[in-house]
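Spelled out from the first residue to the last, the chains are:
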Amino acid sequence: MSKKIKKILFNGEEYPPETFRLGMMLCMVGGFMDAYTFITRGKVLANAQTGNIVYLAINLGKREWAKSFNYFMPILFFALGILFTELIKTRFEKHKIFRWQQIVIIYQIIIMFFISFVPSGNWNIIINIIMSFIAAIQYQGFRKIRGLAGATTMCTGNLRSGMDNLVKYIKTKDRSHLQSFWIYLGLDGFFLIGSLLCVILVNIYGIISLLICCILLIFVFIIMFKETI
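Residues numbered from 1 in each chain as written. Predicted model: local features only at pLDDT ≥ 70, side-chain atom pairs only at ≥ 80, totals over all residues. Heavy atoms only, no water.

The name recorded for the protein in an unreviewed UniProt entry is DUF1275 domain-containing protein, from Leptotrichia shahii.

(A) Quick peek at the side chain of Gln108. Summarising the element assignment, Gln108 is placed in helix α5 (residues 100-115). Classification of Gln108 as buried rests on a relative accessible area of 0%. Side-chain polar atoms of Gln108 contact the side chain of Gln138, separated by 2.9 Å. Setting aside chain neighbours within four positions, we find Gln108 in contact with Met33, Ile134, Gln138 and Leu217. (Helix = DSSP H or I, 4+ residues; strand = E, 2+ residues; numbered from the N terminus. Buried < 20%, exposed > 50% of the residue type's maximum accessible area, 1.4 Å probe, protein only. Polar contact = N/O pair within 3.5 Å; in protein donor to acceptor, adjacent residues only side chain to side chain. Contact = heavy atoms within 4.5 Å.)

(B) Examining the packing of aromatic side chains more closely. Going through the model one piece at a time under the given rule, you end up with nine aromatic pairs. Relative to Tyr36, the ring of Phe32 lies with its centre 6.4 Å away and its plane at 25°, an arrangement referred to as stacked. One end of the pair is Phe32 and the other is Tyr36, both in helix α2 (residues 20-40) and four residues apart, which spans about a single turn. Of the residues examined, Tyr36 reaches a relative accessible area of 0% and is grouped as buried. Ring geometry for Phe113 and Phe117: centres 5.3 Å apart, planes at 65°, overall edge-to-face. Using a relative accessible area of 39% as the deciding quantity, one classes Phe113 as partly exposed. Overall, the relative accessible area of 45% leaves Phe117 in the partly exposed class. Connected via pairs of aromatic rings, a cluster forms that spans Phe84, Tyr107 and Phe133. The ring of Phe92 has Arg91 lying over it, and the distance from NZ or CZ to the ring centre is 5.0 Å. (Phe/Tyr/Trp six-rings, centres within 6.5 Å; stacked < 30°, edge-to-face > 60°. Lys NZ or Arg CZ within 6 Å of the ring centre and 35° of its normal.)

So this is what it looks like as structure tokens:
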């Protein structure tokens, strides 16, 4: 990686929850979660509620009510996860020891740890609901990367913003837009890496491979104790 790319992606951050380093790890977790539920829990997407809404509509059209319910519940609990995160923010935003985002991370780690040991099968719908809930927690808890609006649990918005900044750079030659383009491209790239990592590890270790997300989130939790990164 060139010095310029290193500077764009890894230098100059001040507020830990918005650094690219944390965004990188969180995107890997996000990609892993989406692939994990799709591969091991009945082809339901933990993060991408757009996909679940489409699957819901398809199954409603076919009058397959049980399958429709399987897609409706993750959508509902994703919405509840957003609400829950805002309540956590209100309660812990001015905490003297922890950042409120660290409380969010603790919930994710604990829940994922126990999910890692639940066999795939009859419990899938419950697991998918819980995974959508914690995906919403991460999505709402980490909304900016280096001051830019971005997502660590899905790619569409990042892709749009990245290309928008690339076009602005071509028009204006303002290098800040090129920097933003690389940041958004990097986020989606690490989301892809997380998804690919999930495929590889699930083929080897099965459902317990979700523990890798716990490890990544522990690093995120620890790093956020620093005032700057």
